[in-house]
Amino acid sequence: MAEKVLMKGNEAVAEAAIRAGCRLYFAYPITPQSELIEYMARMMPKAGGVFVQAESEIAAINMVYGASGCGRRAMTSSSSPGIALKQEGISYLAGANLPAVIVNVQRGGPGLGDIQPAQGDYFQATRGGGNGDYYTMALAPSTVQEFADMASLAFDLADKYRNPVVILADGLLGQMMEPVEFLPAKTEAELKELDNQHLDWCCCPNEDEPNHHHHEINSLEIDPVVLEQHVLRLGEKYDKITANEQRWEDYNINADNEILVVAFGTASRICKSAIDELNDAGHNIGLVRPITVWPYPYDAVYKAVGDKVKKVIVFELNLGQMVQDVKIAVNGKVPVDFMGKVGGILFSTDEVKAKIAENLEEAK
Amino acid sequence: MQVIATRPNTLTDLNFTYCPGCLHGVAHRLIAEAIDELGMRNQMMGVAPVGCSVFAYKFFNIDMQEAAHGRAPALATGMKRARPDMNVFTYQGDGDLAAIGTAEIVHAANRGEHITVFFVNNAIYGMTGGQMAPTTLPDMKTTTSPYGRDVDDIGYPIRVCELLNTLVAPYFIERVSLLSPAEIMKAKKAVLKALTYNKEERGFTFIEFVSTCPTNWGLDALESRDWAREHMLPFFKVQNFRDKGIEEAK
């Protein structure tokens, strides 16, 4: 077993990305993710990698595009308003079938909002976010350990599907310190293998005369019939991702659950504490925690609604965004209730307990 | 039989889709010839812009990336950093580079990225149908300056070479014109020099081509050259602004 180290989420995900073979990182400073860019500034040169502080979020994501178009693992990170700026580039990455990892350490919004933890970018992360028909995978960690583990997972998924992957964290996970155990760093041989995995389509040297290749990294198809085929192929890819990559955690899911809670990321941690206390007091509350918020684990949520579940309650640090997906999943089987906190304020364990208890009363 | 003129290897077999009289084809050819002559083709990759030359990725027979509007220097930065063993150029028009992509070009130049930027200035947005560009001349009529560019309202045209020449890092900055065979030959020399510096990893190199837009200027090919000579060259002076290669050789 590797040694556990106490680290902030922002630093842990940066270290994990380097270990996962990321040697190109481009970003712009923004709170509450600045420890991430600062860690990369310190450590990327030591790993023989590239760190560039870009002139803007837009430039950073486009640098990622250029590097990814050369077949290399590239990453950027930001927080909510900065991620909004990156959406142009993310749409182009998706349109050009380019892998990339984008970390969003969410803060309160809309607009400049504040710098406290929030989950207000759920729609943006799960509905494409930019122009056109596309999806990015969106991974939502709930611990610093999971945040770090997702760096490697995100790069693997991005490479596998040639699609951008968003790690949807928040200011709490970015700032909080927890013990982390890292995966071993990629070996030189593994790094070489990563560098060579995309040579059939990426920008790369052209040594094979006269069979000179001409690779185009591009999202433009001016002929509607050709664009239609391109978008339909993207659709097939999203179908494949939806079929293969749904991830979630079942927490105390059983046939006797009275209430089902659905929450992701930081909100799910608070819910777990509340559920533990209620269950210790003799209740039976279960929780589904979506780990991929796109593709959304609709079936897992539906299946978790046992025969004795009277109600599903969704807890989010926003005005109720994931609740729409939960309603799709539950499909009218039982009522779906919601409690949210906004402005970068967290709900307390007691507030979650009170909300669940109120529903237990009603259910009687 | 001896071949004395042929299509450069760095151009694909596709016919250019530019308007009659447009000089993009000339600029493409100069770049392609220079890449061939310098033996850079196998290591060269390029970035196409948004604008009339949006399909440049189809015309250059090397690996190409198509950028979002104005972002070509950011893509090129990522490409060069990812593949320092390769060479990169961008090809951009005036709307792309001097309006929506102002931040990207200034900062790529300021970082001294080891890339070559080819900037085609014809004082108008061509692809979208003749709107005012950041380089549109004072009083010049376009579809979005129908009464002529009012400099009191919207400001003067931006001279990009002069702007970039205020930065410390750029290695080579030159403005050339494509208005006659003699000027094209001079432009070719500048292109060769910029790409030689690129190959030698000297630093950021920049070439502005003063060009024309017969279609949107409402002139024929020859008239548009005369118009450019009369109106553009006095404002956008053809000259070398920076050549650190000469300074270093001293």
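Undergrad: Before we go on, may I ask you to explain helix H3 (residues 72-82) of chain B in this structure?
TA: Along an α-helix, a turn takes 3.6 residues, which lines up residues three or four apart on a common side. Summarising burial for H3(B): 10 of the 11 residues are buried, a large majority. On its buried face, H3(B) is in contact with strand E2 (24-27) and helix H3 (57-68) of chain A together with strand E1 (44-48), strand E2 (63-66), strand E3 (87-93) and helix H5 (102-111) of chain B.

Undergrad: Sorry, what's going on with the pattern of salt bridges here?
TA: Between side chains of opposite charge, a pair can form as their charged atoms come close. The final tally for this structure, using the stated rule, is 36 salt bridges over all chains. A salt bridge links Lys341(A) to Glu351(A), with the nearest nitrogen and oxygen atoms 3.1 Å apart. Of this pair, Lys341(A) sits in the loop between strand E15 (336-340) and helix H13 (349-363) while Glu351(A) sits in helix H13, placing them 10 residues apart in sequence. The class of Lys341(A) is partly exposed, set by a relative accessible area of 23%. Residue Glu208(B) pairs with Arg175(B) through a salt bridge whose shortest N-O separation is 3.1 Å. Residue Glu208(B) is located in strand E8 (residues 205-210), and its partner Arg175(B) is located in strand E7 (residues 172-177); the two are separated by 33 residues in the primary sequence. Residue class for Arg175(B) comes out buried when judged on its relative accessible area of 0%. Within this structure, Glu55(A), Arg81(B), Arg111(B) and Glu113(B) form a network of salt bridges that share partners.

Undergrad: Explain the sheet that holds strand E14 (residues 311-316) of chain A to me, please; I cannot follow it from the model alone.
TA: Residues and elements named next belong to chain A. Spatially, 5 strands are ordered E10-E12-E11-E14-E15 in an open sheet, and the strand pairing comes out mixed. Two strands close off the open sheet at either side, each with one partner strand: strand E10 (248-251) and E15. When the angles between neighbouring strand axes are averaged without regard to direction, this sheet yields 20 degrees. As paired elements, E14 and E15 share 5 bridges and run parallel to each other. Among the inter-strand pairings, Val-312 is bridged to a residue of E15, identified as Val-336. Across the sheet, helix H10 (residues 265-280) touches E10, strand E11 (259-262), strand E12 (285-290) and E14, and the angle it forms with E12 is around 165 degrees.

Undergrad: Before we go on, may I ask you to explain the sheet that holds strand E7 (residues 164-170) of chain A in this structure?
TA: Residue and element names in this part refer to chain A. As summarised here, the arrangement of the 7 strands in space is E3-E2-E4-E5-E7-E6-E13, forming an open sheet in which the pairing is mixed. Pairing within the sheet leaves two strands with one partner each, and these edge strands are strand E3 (50-53) and strand E13 (292-294). Across this sheet, the average inter-strand angle for adjacent strands is 20 degrees, counted without regard to direction. Summarising the sheet, E2 and strand E4 (residues 74-78) pair through 2 bridges and their orientation is parallel. Each bridged residue has a counterpart across the sheet, and for Tyr-25 the counterpart in E4 is Met-75. Across the sheet, H3 is in contact with E2, E3, E4 and strand E5 (100-106); its angle to E4 comes to roughly 165 degrees.

Undergrad: Teacher, can you tell me more about the interface of chain A and chain B here?
TA: Many structure descriptions define interface size as the accessible area lost when the parts assemble. Between chain A and chain B, the contact holds 35 residues from the first and 34 residues from the second. Together, the buried faces of chain A and chain B total about 2800 Å²; carbon and sulfur atoms form 56% of this surface. Sorting the residues of chain A by area buried against chain B places Glu55(A), His212(A) and His214(A) first, and these three jointly supply 19% of that buried surface. On the surface where chain A and chain B come into contact, there are 2 salt bridges. With a closest N to O distance of 2.8 Å, Glu55(A) and Arg111(B) form a salt bridge. In this structure, the connection of chain A to chain B is made through 17 residue pairs in polar contact (both at pLDDT 80 or more). When residues of the side of chain A that touches chain B are traced back to their parent elements, those giving at least two are E2, E3, H3, helix H4 (80-95) and strand E9 (216-217) of chain A. With 7 residues, H3(A) is the single largest residue contributor to the side of chain A that touches chain B. Considering only residue class, the side of chain A that touches chain B consists of 19 nonpolar, 10 polar and 6 charged.

Conventions we followed
Residues numbered from 1 in each chain as written. Chains lettered and ligands numbered in written order. Predicted model: local features only at pLDDT ≥ 70, side-chain atom pairs only at ≥ 80, totals over all residues. Heavy atoms only, no water. Buried < 20%, exposed > 50% of the residue type's maximum accessible area, 1.4 Å probe, protein only. Helix = DSSP H or I, 4+ residues; strand = E, 2+ residues; numbered from the N terminus. Contact = heavy atoms within 4.5 Å. Salt bridge = Lys/Arg side-chain N within 4 Å of Asp/Glu carboxyl O. Pairing = 2+ DSSP bridges. Axes fitted to C-alpha atoms, helices over the stretch in contact; angles between N-to-C directions. Buried area = accessible area lost by both parts, 1.4 Å probe. Polar contact = N/O pair within 3.5 Å; in protein donor to acceptor, adjacent residues only side chain to side chain. Nonpolar A, V, L, I, M, F, W, Y, C, P; charged D, E, K, R; others polar.

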